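Per-entry structural report
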Amino acid sequence: MVHTEPARKWIGEHEVRFEGALAYNESGKLFIESSQGGEEWIGQPTPEMDALWDRVEAGSMVLLEGSEADMVRDRTMLFDGYWVTGLDVIHQMHCLNKVRKALYPEYYQPEQSARTENLHVEHCFDYIRQAVMCNADISPVTHIWYPSAQTFGPDFRTTHTCRNFDALLQWSLARTTEAVKGKGTGMEKARDPQSVMPVSLQGSKSMNHENHAGHAGH
C-alpha cells in the first residue's frame, strides 16, 4: 500500500452528517435539501459555486523535496528540483467537478472536441466509481416514511466518520507551484534525465489538472 506519507499526520477523523438529502416537502414534491453551512456545491452554476471547486482544484498538483518526497522520488516527474505529485482525493474531486460541468455544457462551453471531452468525462466517471468501491463506506442508511408523498425512501441524513478533507487540502495548497516559488529551485536530482521537466519554477504558471500538459481542459 502506497500513501503520500507526509500528508498522513494531517488526516484526522471527525463525524460528519451528510447534507443535500433527497426528501419530500409538505406538498409531496421531491427536492434536494440545502446545505446548512451555506455552501452550494451542486445546482445551477454560479461564480460562488465555481470558487468552491476552483479552490480544491488549485491543490491538485504539489511539489515535494527532502524527506517529504521519499514516497515518490524517481517515480514521477522532477520540476525544477521538486518531485511533482498530488493527493488522489484532490484528483477525485477534480473528476467529480468535471462530471458536474458536463451537466451544463452551455454554461461551461468546453474548448475541447466533443470526442476528447467525452473521453475525459467517462474517465472521470469511472475513476469516481473505483474510488467509491475502494473506500466502500459501510455506514447504514435507514428508511423513513414521507406522509406528504405517501411513500418511503432512504434517509440520506447519515452520520459518517470522515477524514479531515480541509486539512489535507491546506497541506496541498501549501505545496503548489505558487506556494513554493518563493523558495526557489529545489534540492532534488533525478536518476533518469528524461523525467526532468524542461521548465523552471519562476518562469511557469500555476500547475493543476486544468492546465498541465496532456490534460488541457481535463
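Criteria and cut-off values
- Residues numbered from 1 in each chain as written.
- Predicted model: local features only at pLDDT ≥ 70, side-chain atom pairs only at ≥ 80, totals over all residues.
- Heavy atoms only, no water.
- UniProt positions renumbered as here; feature names shortened; annotations may be inferred.
- Pairing = 2+ DSSP bridges.
- Helix = DSSP H or I, 4+ residues; strand = E, 2+ residues; numbered from the N terminus.
- Disulfide = S-S within 2.5 Å.
- Buried < 20%, exposed > 50% of the residue type's maximum accessible area, 1.4 Å probe, protein only.
- Expected span 1.5 Å × (residues − 1).
- Contact = heavy atoms within 4.5 Å.
- Salt bridge = Lys/Arg side-chain N within 4 Å of Asp/Glu carboxyl O.

- You'll find the protein chain entered in an unreviewed UniProt entry as Tat pathway signal sequence, with Xylona heveae given as the organism.
- Word for word, the UniProt comment on the protein chain under Sequence similarities (unreviewed entry) is "Belongs to the ustYa family."
- Quoted verbatim from the Pathway (unreviewed entry) heading of the UniProt record, the comment on the protein chain is "Mycotoxin biosynthesis."

1. Comments concerning the sheet that holds strand β5 (residues 78-79)
- With antiparallel pairing, 3 strands are arranged side by side in an open sheet as β4-β6-β5. Every interior strand has two partners, whereas the edge strands, β4 (62-64) and β5, have only one.
- Note: β5 against strand β6 (residues 82-85), 2 bridges, orientation antiparallel. Note that in β6 the partner of L78 across the bridge is W83.

2. Regarding the state of the cysteines
- The final tally for this structure, using the stated rule, is 1 disulfide.
- Covalently, C95 is tied to C124 through a disulfide, its sulfur atoms 2.4 Å apart. Across the S-S bond of C95 and C124 the torsion is about -65 degrees, and the bridge reads as left-handed. Residue C95 is located in helix α2 (residues 88-102), and its partner C124 is located in helix α4 (residues 114-135); the two are separated by 29 residues in the primary sequence. We note that C95, like C124, is buried.

3. Examining the pairing of strand β9 (residues 159-163)
- Only one face of β9 is covered, namely the face carrying H160 and C162; the face carrying T159, T161 and R163 is uncovered.
- Pairing of strand β1 (residues 13-17) with β9, which is carried by 5 bridges, proceeds in the antiparallel orientation. Bridge assignment links E13 to a residue of β9, and that residue is R163.

4. Quick look at the pairing of strand β7 (residues 143-146)
- Sheet topology note: the β7/strand β8 (residues 151-154) ladder contains 4 bridges and is antiparallel. Opposite W145, over in β8, you have F152 as the bridge partner.
- The antiparallel pairing of β7 with β8 creates a hairpin that spans 4 residues between the two strands, and Q150 there sits at a positive phi of about 50 degrees.

5. Remarks on the environment of C124
- Taking relative accessible area as the criterion, C124 reaches 0% and is therefore assigned buried.
- Here the alpha-carbon distance between C124 and H91, two residues 33 residues apart in the chain, equals 9.1 Å.

6. Topic: α4
- With 22 residues, α4 should reach 32 Å at 1.5 Å per residue; the first-to-last C-alpha distance of 32 Å fits that figure.
- Buried residues along α4 sit in contact with α2.
- The positive-phi residue at the C-terminal boundary of α4 is A136, with phi of around 40 degrees.

7. So, the pattern of salt bridges
- This model, assessed by the stated rule, comprises 12 salt bridges.
- Measuring nitrogen to oxygen at the nearest pair gives 2.8 Å for the salt bridge that ties E33 to R157. With E33 in the loop between β3 (30-32) and α1 (47-57) and R157 in the loop between β8 and β9, this residue pair connects regions lying 124 residues apart in the sequence.
- Given the relative accessible area of 23%, E33 is considered partly exposed.
- For R157, a relative accessible area of 23% corresponds to the partly exposed category.
- A salt bridge links K98 to E117, with the nearest nitrogen and oxygen atoms 3.2 Å apart. Of this pair, K98 sits in helix α2 while E117 sits in helix α4; the two residues are 19 residues apart in sequence, bridging distant segments of the chain. Each member of the pair, K98 as well as E117, carries the same accessibility label: buried.

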